[in-house]
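Listed below, chain by chain, are the residues.
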Amino acid sequence: MSVMDLFSLKGKNALVIGGSKGLGEGITKGLVDAGAVAVVSSRNQADCDKAAKEIMEKTGGVCYGISGDISTKEGVDTLVNKVIEKLGHIDILVNSAGVNVRKPAIEYTVEDWDKVQDVQLKGVFLSCQAVGKHMIEKGIKGKIINISSINARVVARPNIVSYVAAKGAVMQMTKALAVEWAQYGINVNAVAPGFFETAMTKVLFEDPATREEMFRHIPMKRFGNADSGDLAGMVVYFASDASDYTTGQIIYIDGGYTSI
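What you see is a predicted model, and the numbers here were worked out from it, not measured in a lab.

**Q** Run through the nonpolar core, naming residues and quoting values.
**A** In terms of nonpolar packing, the biggest core is built from 30 residues, with Leu15, Val83 and Ile144 touching the most fellow members. No other element matches the seven residues that helix α5 (residues 110-138) contributes to this core. If you look at the next biggest cluster of nonpolar residues, it comprises 28 residues, including Leu23, Ile27, Cys48 and Ile147.

Rendered as structure tokens:
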């Protein structure tokens, strides 16, 4: 097998949760470009359909949209069952759903805390659990990729306490699942993006002073581009046969931010 063949995802089926916008959409495009058949999922079916259509137009590949709510076990089980019914099986899971509440910690309500944790932590676990069970039962040597954040290592901005707590927990959960599921041939890894310009981070980047401050901490002097290979390239690696001996790893995609 050639090196290029190692990175091919032809014949693989991928589910990208949070794949209809931002980082998730860019990741899905990369997976489809590499040959995978993908399902993008978010809460809104119209968003899923729009993203799937645009991804197919850009790549010439196959992508479907299936909405789902990962904040509850029932929602996750329903989504995973729909994807399996559509594709037959799941080889690749990417957990990229994102939600945040920006306010001082002393002003956080229980509802604020739970809103973030239900998606960014509980939803990630439930998705890993449901898809992992499917992979184990079907004997699939699957690939699970969780999206964490550099904020799990370096708290770069204030007022995001629940978000950074969840992203830190996702890193440890990734390692725990990697160890537990290695016996089944399932690889579990995580990518920790730095500052990428998306709809969720737009409010930060609109202020010139904030942009200048961030650039002082990024050796490459630019933000990540969700539509390029900045993030998708690493996810394709984790999803492909090239990463068969790589598990339990966290890779920072941050332009050098965490190296300073």
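**Q** Describe the packing of aromatic side chains, naming the residues involved and giving the relevant values.
**A** To describe a pair of aromatic rings, one takes the distance between the centres and the angle between the planes. This model, assessed by the stated rule, comprises four aromatic pairs. Members of the aromatic cluster, each reached through a chain of ring pairs, are Phe7, Tyr237 and Phe238. Lying over the aromatic face of tyrosine 252, arginine 153 brings its terminal NZ or CZ to 5.1 Å of the ring centre.

**Q** So what's going on with unusual backbone geometry? Residues and values would help.
**A** Even without being glycine, asparagine 159 reaches a positive phi, approximately 70°. Mapping asparagine 159 onto the fold places it in the loop between β5 (143-147) and α6 (161-181). Given a relative accessible area of 36%, asparagine 159 falls into the partly exposed group.

**Q** Break down the sheet that holds strand β2 (residues 37-41) for me, citing the residues and quoting the values.
**A** The strand order β3-β2-β1-β4-β5-β6-β7 describes an open sheet built from seven strands, whose pairing is parallel. The open sheet has two edge strands with one neighbour each: β3 (63-65) and β7 (250-253). Taking each pair of neighbouring strands and ignoring which way they run, the sheet shows an average axis angle of 20°. The pairing of strand β4 (residues 92-95) with β5 spans four bridges and is classified as parallel. Residue pairing across strands places asparagine 95 opposite asparagine 146, the latter belonging to β5. Packing of helix α3 (residues 45-59) onto the sheet brings it into contact with β2 and β3, and relative to β3 it is tilted by some 170°.

**Q** Mind laying out the pairing of strand β6 (residues 187-193), listing which residues take part and the relevant values?
**A** Burial analysis of β6 places seven of its seven residues in the buried class, which makes it a mostly covered element. Every second residue of β6 is oriented toward a common face, with Asn187, Asn189, Val191 and Pro193 on one face and Val188, Ala190 and Ala192 on the other, all of them buried. As judged from the five bridges shared by β5 and β6, these two strands associate in the parallel manner. Looking at the pairing, isoleucine 147 lines up with valine 191 of β6. Bridge count between β6 and β7: four bridges; the pairing is parallel. Bridge assignment links alanine 190 to a residue of β7, and that residue is isoleucine 250.

About the thresholds
- The written sequence of each chain sets the order in which its residues are numbered from 1.
- Local features in this predicted model are restricted to residues of pLDDT 70 or higher, and side-chain atom pairs are both shown and tallied only at a pLDDT of 80 or more, whereas totals for entire chains, interfaces and linings draw on every residue.
- As a convention, hydrogens and water are excluded, and side-chain values are obtained from all of the structure's heavy atoms.
- Only buried residues count toward a nonpolar core. Its members are Ala, Val, Leu, Ile, Met, Phe, Trp, Tyr and Cys residues joined through side-chain atoms within 4.5 Å.
- We call a residue buried when its accessible area falls under 20% of the maximum for its residue type, exposed when it is over 50%, and partly exposed in between, using a 1.4 Å probe and counting protein chains only.
- The helix and strand labels rest on DSSP assignments: H or I over at least four residues marks a helix, E over at least two residues marks a strand, and numbering proceeds from the N terminus.
- The aromatic pairing rule takes the rings of Phe, Tyr and Trp, using the six-membered ring of Trp, and pairs them if the centres are within 6.5 Å, calling planes under 30 degrees apart stacked, those over 60 edge-to-face and the rest tilted.
- Either the NZ atom of lysine or the CZ atom of arginine qualifies as a charge over a ring when it sits within 6 Å of the ring centre and within 35 degrees of the ring normal.
- Strand pairing is defined by DSSP finding a minimum of two bridges between the two strands.
- All axes here are fitted lines through C-alpha atoms, helices being fitted over the stretch that makes contact, and every angle between N-to-C directions spans 0 to 180 degrees.
- Working rule for contacts: check all heavy atoms of both residues, and any pair within 4.5 Å makes them a contact.

Keep in mind that these numbers describe shape and distance, not what the molecule does.
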